[in-house]
Every structure is written in C-alpha cells, then in structure tokens.
Amino acid sequence: MPDPDPRPPIERPSDTPPPPPPPAYMPMAPQPSGPRTALTRLLSSMLLGLLVLSLLANVYLGLIVSSLTGAGPREVVHSEGDEAHRIVVLPIEGLINDATYEFVRLSLRQLREDLPRAIVLRIDSSGGHMGASDRIFAEIERFKAELASDGRSVPIIASFGTIAASGGYYVAMPADTIFAETTTLTGSIGVMAPGFTIDRLLEKIGVTPEVIVAEGSPQKDDFGIHEPWDDEQRSLRRAMLEPAYERFVEVIQHGRPDLSEEQIRAAASGAVFTAGEALEQRLVDDVGYLHDAVALAAERAGIPDDVTPHVTRLQARGGFGPLGIFGYSPRLNVDVGELSAGQVRDWALEIQSPRAMYLMPAR
C-alpha cells in the first residue's frame, strides 16, 4: 500500500478571485447564431459562385473570340529548336476533297504573313477528287509565284508517308524535292470515275423509275443509275476522263522536268510503285523519312549545321464547343433514320453521276 502524500492540501478561501489572464489576452466573443447568420453565409457562397462563373465565362468567350478572329490553322510544336529558324510541316492527309483544299489555302495564306525558313509537305493520301487535287497544286504554285514577286522564296520539300498515290502524288509536284519512305506506295497515275447502277435492285423490289427530259436534250439522262450502261455510255464516260488524264501528265511534266513525256506516260499507266521502283523511274528523288526531309529543308534554307531548327506542324482548328476551342474536333455521326426525304434525294442525286477522281482504288 503506497504511503500517503505527506504534503497537506492547499486550501483557498472561497472568496479568492481566479488568477489574472496573461498579458494581451482577449477573450473570444461568442459566435452569433440564428437565421440571419445562415442567410449571410448562403449569400456569400452564392456571390462567390457567381464570381467564379463570371470569370470562367469571360475566359471561354475570350477563347471563342480568339478562335473566330484566328480562323486559319494553328501551329503546334513538332520538335523544339531555335525559333529564329522555323520549319513548318504542312500535312495533306486522307481523301483529298474541298475541305483539304481549304485547309491548304488557309495554311499558305497564314504562312505568307509569317514566312518560315522552309516548308515540308507531309503527304499521306491515296488521292481524291480531281478538282480539289488540281486546286491544291495551283494554290502552292501561286504561293511560290507571289513570294518570287516580292523577292522572297522558301524551299518546299515533299515527304511521302505510307501512301502518296494518284492525287497524293499530283499535289507533290510543286515541291523542289520528293522523299518517299521505304514502305511508301506511290504512283497510281491516272483518272477514274467510279459509279454503279441499281436497275437490278429496283427490279427486285418492284420499283419502276420514270425520268422525263426535255425533247431537245435527249442525252441529259445518260448518267442515270437506274439502267445498265451500254458501250456507247461507257465510251462517253471514258472520253470525259481523257482531258483530266492529259492534265495529270502536264502537271508531272511541270514538276519533274528531267523526265521525258514518253517516260511520264510509261509511268502513268495507273500502276502502283514501291519507293524503290519510284526512285528507279525518277518519280521521287530520294528514300527517307520525315526527319530526312526536315534536314534537307534546313540545308536548303541555309540554316547552320550547329543550329537545331524549330519544327512546327499545322493543324486545323476545332469547333467552338467546350473541347473544340482546345483543338478537339469530334466526328459527326449521322443517323440515317433521321434524314429527311429531301436529304435522301439530294444524296441520291449526288452519287448518281460518276465523279472523275485522282484516286488509287482499294483492292
């Protein structure tokens, strides 16, 4: 059993006041409570939320205005380097159509205002519409001519990706030098007009098409899809393609002046060539990759060997949605069931006439 504490307890008189607080001590005021305090907190939160929303809205509207005022493509960094020595990669990819032409046109307009040291055409396309391919060729030629009239010029190097055939080869003709990767497929120089008829399908489902043409224009319905083609119609279609083929040969003569017309026509059979075969026929100048094309562009631009060029890549701007302002452009999905009768009719009219294409057919 422990010994009791020998110290007697301290007894204080009941009227003795408590010890004074330490210096600078301020007693805390009691927090008010009640309905008014809750309402104040609610209003403060609402005002703070409105302020944050207002700031976000201003930023969002500013981005939209910036996107609207800068309608051209935007440059993204491909590889870091000395920004005083800038090389721009202009991609031409996928099916060549009116949208492709518009992208190239806006890109070149933008580059005129802020001219790089060199341009690399990065082509990865099996071709596309005849008109769009020819307009892209003409746009690049006009770009070069306008620079020359101002006493300026930039090297233009073409770099072929997986495929650069038909229209994809056509749009490379303004380039000073063409590189093809070791696995590139190119060539397919020629013109085609894909089409089809639906007469057997209409017969199967019991539909009889009736088309009325003016008496003075009996050939107006020669390109309909509701009846099979005869030899005369095939000959007519083929005759319409000959001028487009001759234009293709003319463009290659312009872009590859070292080749004779006989050599070009021998290659312009529609055949597809590997990179090695294309090099042997002098349809391309060298076998190499994008970085090889960039290196040659830097050399042609006179960029010193000890300087790393700043390489950018042009890309189309997105839409104006929450993600589009950051460059995201969602793919549009069309529900066929939601198409109106007018839209279906317009679509049918669009596809009923074979369109001349500089396109390598899928096999």
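Residues numbered from 1 in each chain as written. Predicted model: local features only at pLDDT ≥ 70, side-chain atom pairs only at ≥ 80, totals over all residues. Heavy atoms only, no water.

Caption draft 1: Representation of the side chain of Glu 139. As for its position among the elements, Glu 139 is in helix α3 (residues 130-149). Excluding residues within four positions of it along the chain, Glu 139 makes contact with Tyr 101, Arg 105, Leu 108 and Arg 112. (Helix = DSSP H or I, 4+ residues; strand = E, 2+ residues; numbered from the N terminus. Contact = heavy atoms within 4.5 Å.)

Caption draft 2: How the structure looks around the layout of surface pockets. In this model, the second largest pocket occupies a volume close to 180 Å³. Pro 91, Ile 92, Glu 93, Asn 97, Ala 99, Thr 100, Phe 103, Arg 313, Leu 314, Gln 315 and Ala 316 are the residues that line the second largest pocket. Sorting the residues of the lining of the second largest pocket by element identifies β2 (82-93), α2 (98-113) and β10 (309-315) as the ones contributing at least two each. Its residues assigned to classes, the lining of the second largest pocket comprises six nonpolar, three polar and two charged. (1 Å grid on protein atoms, 1.4 Å probe; cavity = no way out; pocket = protein on both sides within 12 Å on 5 of 7 lines; lining within 4 Å. Points joined across faces, edges and corners; volume = space filled by probe spheres on them. Nonpolar A, V, L, I, M, F, W, Y, C, P; charged D, E, K, R; others polar.)

Caption draft 3: Inspection of the pattern of salt bridges at higher detail. The final tally for this structure, using the stated rule, is 17 salt bridges. The closest approach of N and O atoms between Asp 98 and Arg 135, which form a salt bridge, is 2.5 Å. Here Arg 135 lies in helix α3 and Asp 98 lies in helix α2, a separation of 37 residues in the sequence. Among the residues examined, Arg 135 registers a relative accessible area of 34% and is labelled partly exposed. Between Lys 144 and Glu 141 there is a salt bridge, with its nearest N and O atoms 3.9 Å apart. Remark: Glu 141 and Lys 144 occur in helix α3; sequence separation between them is three residues, near one turn of the helix. The exposure class of Lys 144 is partly exposed, given its relative accessible area of 28%. Three or more residues joined by partner-sharing salt bridges are found here, namely Arg 112, Glu 139, Arg 142 and Glu 146. (Salt bridge = Lys/Arg side-chain N within 4 Å of Asp/Glu carboxyl O. Buried < 20%, exposed > 50% of the residue type's maximum accessible area, 1.4 Å probe, protein only.)

Caption draft 4: Representation of α2 in the model. Between its first and last C-alpha, α2 extends 23 Å over 16 residues, near the 22 Å set by a 1.5 Å rise per residue. For α2, every residue scored as buried is listed here: Thr 100, Tyr 101, Phe 103, Val 104, Leu 106, Ser 107, Leu 108, Leu 111 and Arg 112. The secondary structure elements touched by the buried residues of α2 are β1 (74-79), β2, β3 (118-125), α3 and β10. Backbone nitrogen of Ala 99 and a side-chain oxygen of the N-cap are separated by 3.1 Å at the start of α2; the cap is Asn 97. (Expected span 1.5 Å × (residues − 1). Polar contact = N/O pair within 3.5 Å; in protein donor to acceptor, adjacent residues only side chain to side chain.)

Remember, this is a structural readout, not a statement about activity or role.
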